[in-house]
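# Structure at a glance
What follows is each chain in one-letter form.
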Amino acid sequence: MLHNTKCECGHQNPVGTVLCESCGKPLDDEFGTAPLEMRYDGIARRSQRENPALIDRVWRFFSSVKVAIILIFITLCASIVGTIYPQENTFLNVDPSVYYETTYGFTGQIYYLLGLSNTYSSWWYKLLLIMIGASLIICSLDRVLPLYRALNKQQIRKHMSFLIRQRVVYQGVLPSTRVSAVSFINDLVPVLKRRGYRVHTDGTALLAEKHRFSRWGPYINHIGLIIFLLAVLMRGLPGWYMDQYTGFLEGVPVQIENTPYYLENEQFTVEYYKEEELPSEFRGQGRAVPKLFETRAILYECLADCSSTDPVLMQVHQQNIEVNKPLKYKDLLAYQFDFRETIQIRTVNVSITNKKSNESFGPFELNTISPKETYVVDPYVLTLKDYYPEFALNDKGMPFTNSKSPLAPAFIFLIQGPDLAEEGEVFIYFPRNVDKQRFSQDKLNEAVVNKIDIGVSSMEDVGISQFTSFLNIRMDRALPYIFAGGMIFMIGVIMGIYWQHRRIWIRIDHENEITIGAHTSKNWFGIRKELSVVLGKAGIVVEPKQLENGVKQS
Amino acid sequence: MNLEQWSENALLVAFILYNISFILYVIAIAGKKWSNRDPIVHLRRWSRIAITLTAIGLVSQITYFITRWFAAGHVPTSNMFEFMTFLSMAIVAAFLVLFAIYHISALGLFAMPVSIVLIAYAAVFPKEVQPLIPALQSYWLYIHVTTAALGEAFFAVGFAAGLMYLLSTIDYSSTAKESRKARLGIEITIYSIIVVIGFVLVTNGFKSTDYAAQFTQELQQKDEQSGELVTVTKTTDYKLPPFIKPANSTVERMDPFLGMEQPLISAPSWMKGMDSGRKLNTILWSLIVGLILYWLVRLIVRKPLGAGLQKIMGGIDAEDLDEISYRAIAIGYPIFALGALIFAMIWAHEAWGRFWGWDPKETWALITFLFYTVYLHLRLSRGWQGSKSSWLSVLGFLVVMFTLIGVNLVIAGLHSYAGV
Ligand code: HEM
């Protein structure tokens, strides 16, 4: 098909143009009467090329709003399907291959086998999002430049059939023969200006336009969505995203994996609602409703000897973590997740006593997490030969440790000093009294028990950690982009929906025949009312409803 | 009187005022055709009274909201009762916004009942002020919930206007397949609304008679520590006479109801979910009572309810309704996106440590958003104005309601408030 795309006004339009870019004359159905399709002002778009090559076809596919709607609709349906049964990621420690069948029976099994138990992380769900993203990019590129051009070179005097085929139309004669056509137009200018219009006149023709920026709303919101989707995809890249749960015993700095950071839970607090703070139905049931969990946290950066038992740490941040108040330091976030009561001895300030002279030396600190190899307590030297955090004896009577947590710590020292054998003597020390009894410390130390003793003088010398606080450590470097995308989306949507691009075209022919067409991107009710008020000021009385194309102007 | 009682009374006043104003809208619209009056003067006079009462009702409900806020020490949107009353308040506000733009009071004929039914629905849930678990103590939560509800309120008004468009354009004399289908659709929509009323009546009715029945159920459950399957006995309390008892359960005790001493049937065995037997029973009750109510009204008006409503409404410009519906949804869309998605992400990020977790409630908010995105894009195409898009506005509100109520009833998740 070959079109002559030159309009009668002399403007050369690109192929695919529906309304002449200059005067607005409908090019494809010149003699129709139905209201015009005014979207993009009838400009030609790349997607309307004739004889498309493959790339044009792809372009055309993704630039179609129809395709976009179908893609969004499929995503909608897929999202619904994903909520039928709980997704796999909602359980810990459950074998999904049996869980769905045992819990939901046959349909559950089908659900699992189809992979619907992982809908949102499935390749096809991601593909849908990628396709929507591609569609967003292409449809926006396809439309925005031509639209910009069309809005930038509007002719003031429009073709007659362009005007009378708008959705808002007025045709009549000048109200008074005393005013000339030109002065009628000029009198309208201040009226329209007061209503926020930018007015351009050309003798007996007028174009008033306002809130053009709202036309860019959809493109801005689509850019926001593109940024959002890209950011979501970015989290798949290594180093962009971390999500792990770690337990922090009070008073023990723990390294956060793959980072130079150590976090210490200095103290954990849990508070419950008091009985009288509860509503009547909760009272008297012995129900503990927690009110506050708080971890007093210190963050260190490791400077040297990282991942050794004695790293060089520098405090970089300190914060109390509560449920809605995560610790924030650079990209790192730590959320309160859970806690457990884990009563353990963490430090003991012990003294060593010479039983003969009854002299005490020390005190010095024993650490149950990472004890030192030697302790020099003049005149004694203690060498740690062995350390069992959770001491136990196997069936052959040999000591071993049950775990790495200091639940029943036992220190085995070789001690050198006054009144002891030259090469030193062995002393076993249990900080906890129960362990002392259970494993009969005195009997184990039979050889030295009359020469020396190690112990604390009061409970104040014992440092106890009560709780382990579980924190969810996260790093999400895409987060700022995700929220920026969301913000841009919102700005675009608000621009496009709460403001409307309104245009009013007026031309006067034969000195007194007045023809008005008006267009708005939304809210036809509003523009009819506005036009009716404006015309009223110019002496033309017309009800808003009568301005609607097709409604009789009685 | 303490603050909490004050607050409840203010809500009651609002509820009564809404009901009266609803009747006044009916008088304003239907009374236009009464004899010896100028229809325009009649409409203007009665509309003004109705709108004034609606506004006073709203002020009263705002009073309820603020006093309860002070009484509870937190914004009252944290359980089902509080949320639903908030939503009903937002709907009245949204209706007044659209009235301010379009000055079409007939909208109240449909917007007010939505709000009224929601307050009645809220009354089914426990009214007590409750303490908050730590995850709920964040002002982002309040911002998220209230903004989302405001967006949903505009969708509700869009639904009301869309339904009115359909009612005023459907041809009740034609026998063409298209209009037969449309008429059926309208009756189903009306019936669904009546079912909700039925639910409210039934639950409140039996609450006042203290009806009770109890069942025990042996369930296989995974022990949390050992991971082995163990048998636990669970009791379920019914507050409605059980037509349906929980699957594999035995009756512990049951008040007789109209000579019914035993449940009629047992829930199918695949319904193993928590309380699913009881929920099924409640749904059945609502459907039955809804059906009775529907036919009662139908016998009185002696025509399909849609036709009756069409007659009352007579003479409203359908194009205006279409535009109001579209406008309401367009106004609601950004508010909803901000509240239900963006603020929700900020809150989830602060509280749960992740901005999105595909929790059913979150996902349904996304589904609602996608639905209205489809609606807006379709509105850009030719042929999707008028009746097709009105159907979408009706369907959209169904999606909203499912997100708010259905998800809790059918699917449970992190966000869910306790269900009935
Ligand atoms: C989830 C994805 C999307 C969202 C949330 C979205 C959102 C929006 C919104 C809010 C508007 C403004 C509507 C109005 O003002 O009534 C809009 C307009 C539009 N959207 Fe989208 N959109 C999405 C995807 C797409 C895609 C994939 C396409 C590709 C064809 C597309 C094409 C358009 C077009 C052509 C407009 C009208 C532009 C104009 O009036 O100048 N949208 N979109």
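Everything here concerns the structure above.
Since we're looking at a predicted model, the values are computed, not measured.

Our next topic: the overall build of chain B. Secondary structure assignment for chain B yields eleven helices and five strands. Relative to a compact globule of 420 residues, whose C-alpha radius of gyration would be 22 Å, chain B shows 23 Å and is just as compact. Its C-alpha atoms give chain B principal-axis dimensions of roughly 75 × 55 × 55 Å. Out of the 420 residues belonging to chain B, those deemed buried represent 58%.

Bringing the state of the cysteines into the picture now. Residues and elements named next belong to chain A. Evaluation of the coordinates by the stated rule reveals one disulfide over all chains. Each sulfur in the disulfide pair Cys302 and Cys306 lies 2.0 Å from the other. The chirality of the disulfide connecting Cys302 with Cys306 is left-handed, given an S-S dihedral of about -110 degrees. With relative accessibility at 8%, the residue Cys302 sits in the buried group. For Cys306, a relative accessible area of 33% gives the class partly exposed.

Another point: the interface of chain A and chain B. Residue-level contacts link 58 residues of chain A with 54 residues of chain B. Both sides of the chain A and chain B interface together cover about 4,700 Å² of buried area, and 65% of this is carbon and sulfur. Contact with chain B buries area across many residues of chain A, yet A:Thr83, A:Asn324 and A:Phe525 alone supply 13% of it, more than any other trio. For the pair chain A and chain B, the number of links is three salt bridges. A salt bridge links B:Asp320 to A:Lys545, with the shortest nitrogen-to-oxygen separation between them at 3.1 Å.

This next bit is on the sheet that holds strand S7 (residues 290–304) of chain A. Residues and elements named next belong to chain A. Taking strand neighbours across the sheet as the criterion, the four strands line up as S5-S6-S7-S8 in an open arrangement whose pairing is antiparallel. Either end of the sheet is taken by a strand with one partner, and the two such strands are strand S5 (254–255) and strand S8 (312–321). Where S5 meets strand S6 (residues 261–272), two bridges bridge the pair, whose relative direction is antiparallel. The residue of S6 that forms the bridge with Val254 is Leu263.

The end-to-end C-alpha distance of helix H11 (residues 524–537) of chain A, which contains 14 residues, comes to 20 Å, matching closely the 20 Å that a straight helix rising 1.5 Å per residue would cover. In terms of residue burial, H11(A) counts as a mostly covered element, since ten of its 14 residues are buried.

Take the packing of aromatic side chains next. In this structure the tally under the stated criterion is 54 aromatic pairs over all chains. Ring centres of B:Phe65 and B:Phe86 lie 5.3 Å apart, and the angle between their planes is 45 degrees; on these two criteria the pair is classed as tilted. Of this pair, B:Phe65 sits in helix H2 (residues 39–72) while B:Phe86 sits in helix H3 (residues 80–102), and the two are 21 residues apart along the sequence. Take B:Phe65: its relative accessible area is 9%, and that puts it in the buried class. Look at B:Trp356 and B:Trp358: their rings are 5.7 Å apart centre to centre, the planes differ by 90 degrees, and that puts the pair in the edge-to-face class. Through pairs of rings, three or more aromatic residues link up here, namely A:Phe364, A:Tyr375, A:Tyr387, A:Phe411, A:Phe413 and A:Tyr429. Here A:Lys158 stacks its cationic end above the ring of A:Phe162, 4.9 Å away from the centre of that ring. Directly above the aromatic system of B:Tyr326 lies the positively charged group of B:Arg379, at a separation of 4.2 Å from the ring centroid.

Let's shift gears to the coordination of the iron atom of the ligand. On the protein side, the iron atom of the ligand has A:His222 (NE2) and B:His377 (NE2) as donor atoms, found 2.0 to 2.1 Å from it. Because the angles between the six donor atoms bound to the iron atom of the ligand fall within 83 to 178 degrees, the donor set is best described as octahedral. One end of the pair, A:His222, is in helix H7 (residues 217–234); the other, B:His377, is in helix H10 (residues 360–379), on a second chain.

Below, the discussion takes up the sheet that holds strand S13 (residues 380–388) of chain A. Residue and element names in this part refer to chain A. Overall, antiparallel pairing links the four strands, which are arranged S12-S13-S16-S17 in an open sheet. The sheet is open, and its two borders are formed by strand S12 (374–377) and strand S17 (425–429), each paired with just one other strand. The mean angle between the axes of side-by-side strands here comes to 30 degrees, regardless of whether they run parallel or antiparallel. The pairing of S13 with strand S16 (residues 410–416) spans seven bridges and is antiparallel. Bridged to Thr383 within S16 is Leu414.

What surrounds the ligand is a group of 26 residues, the closest being A:Cys139, A:Tyr219, A:His222, A:Lys522 and B:His377. Proximal residues around the ligand fall on chains A and B, making this an inter-chain site. Contact distances for the ligand include 3.0 Å between an oxygen atom and a side-chain N or O atom of A:Tyr219. The side chain of A:Lys522 places a nitrogen or oxygen atom 2.6 Å from an oxygen atom of the ligand. Only helix H2 (65–81), helix H4 (123–152), H7 and helix H10 (479–498) of chain A together with helix H9 (318–351) and H10 of chain B provide two or more residues apiece to the shell around the ligand.

Residues and elements named next belong to chain A. At a closest axis distance of 10 Å, the pairing of H4 and H7 adopts a crossing angle of 150 degrees. Here H4 is positioned roughly antiparallel relative to H7, judged by the angle of their axes. The handedness of the crossing between H4 and H7 is left-handed. On H7, the residues touching Leu129, Ile130, Gly133, Leu136, Ile137, Cys139, Ser140, Arg143, Val144 and Leu147 of H4 are Tyr219, His222, Leu225, Ile226, Leu229 and Leu233. Here the contact of H4 with H7 is composed, by residue class, of twelve nonpolar, three polar and one charged.

So, on to empty space enclosed by the protein. Residues and elements named next belong to chain A. Per the counting criterion, the structure on display carries three cavities of 30 Å³ or more. The volume enclosed by the largest cavity comes to roughly 70 Å³. Forming the boundary of the largest cavity are Leu19, Cys20, Glu21, Gly24, Asp41, Ala150, Gln154, Lys158 and Phe162.

Moving on: the pattern of salt bridges. All names here are of chain A. Summed over all chains, the structure comprises 22 salt bridges over all chains. As a salt-bridge pair, Asp509 and Arg157 come within 3.3 Å of each other at their nearest N and O atoms. Of the two residues, Asp509 sits in strand S20 (residues 502–509) while Arg157 sits in the loop between H4 and helix H5 (160–164), which places them 352 residues apart along the sequence. With its nearest N and O atoms 3.1 Å apart, the salt bridge here joins Glu548 to Arg528.

Time to look at the nonpolar core. Among the nonpolar cores identified, the biggest contains 149 residues, and B:Met84, B:Leu87, B:Phe95 and B:Phe369 are the most heavily contacted of them. The element contributing the most residues to this core is H9(B), with 20 residues. If we skip the residues at most four places from it in the chain, B:Leu87 touches B:Leu118, B:Ala149, B:Glu152, B:Ala153, B:Met401 and B:Leu404. Core analysis: the second largest hydrophobic core is formed by 28 residues, A:Leu188, A:Ala518, A:Trp524 and A:Ile527 among them.

Basis of the calculations
Residues numbered from 1 in each chain as written. Chains lettered and ligands numbered in written order. Predicted model: local features only at pLDDT ≥ 70, side-chain atom pairs only at ≥ 80, totals over all residues. Heavy atoms only, no water. Helix = DSSP H or I, 4+ residues; strand = E, 2+ residues; numbered from the N terminus. Rg over C-alpha atoms; globule rule 2.2 N^0.38 Å. Buried < 20%, exposed > 50% of the residue type's maximum accessible area, 1.4 Å probe, protein only. Disulfide = S-S within 2.5 Å. Contact = heavy atoms within 4.5 Å. Buried area = accessible area lost by both parts, 1.4 Å probe. Salt bridge = Lys/Arg side-chain N within 4 Å of Asp/Glu carboxyl O. Pairing = 2+ DSSP bridges. Expected span 1.5 Å × (residues − 1). Phe/Tyr/Trp six-rings, centres within 6.5 Å; stacked < 30°, edge-to-face > 60°. Lys NZ or Arg CZ within 6 Å of the ring centre and 35° of its normal. Donors = N, O, S within 2.8 Å, 3.2 Å for Na, K, Ca; no water. Tetrahedral: all angles 85-135°; square planar, octahedral: opposite > 155°, others 65-115°. Axes fitted to C-alpha atoms, helices over the stretch in contact; angles between N-to-C directions. Near = heavy atom within 4 Å. Polar contact = N/O pair within 3.5 Å; in protein donor to acceptor, adjacent residues only side chain to side chain. Parallel < 35°, antiparallel > 145°, perpendicular 65-115°, else oblique. Left-handed = near helix turned anticlockwise from the far one by under 90°. Nonpolar A, V, L, I, M, F, W, Y, C, P; charged D, E, K, R; others polar. 1 Å grid on protein atoms, 1.4 Å probe; cavity = no way out; pocket = protein on both sides within 12 Å on 5 of 7 lines; lining within 4 Å. Points joined across faces, edges and corners; volume = space filled by probe spheres on them. Core = buried A, V, L, I, M, F, W, Y, C linked by side-chain atoms within 4.5 Å.

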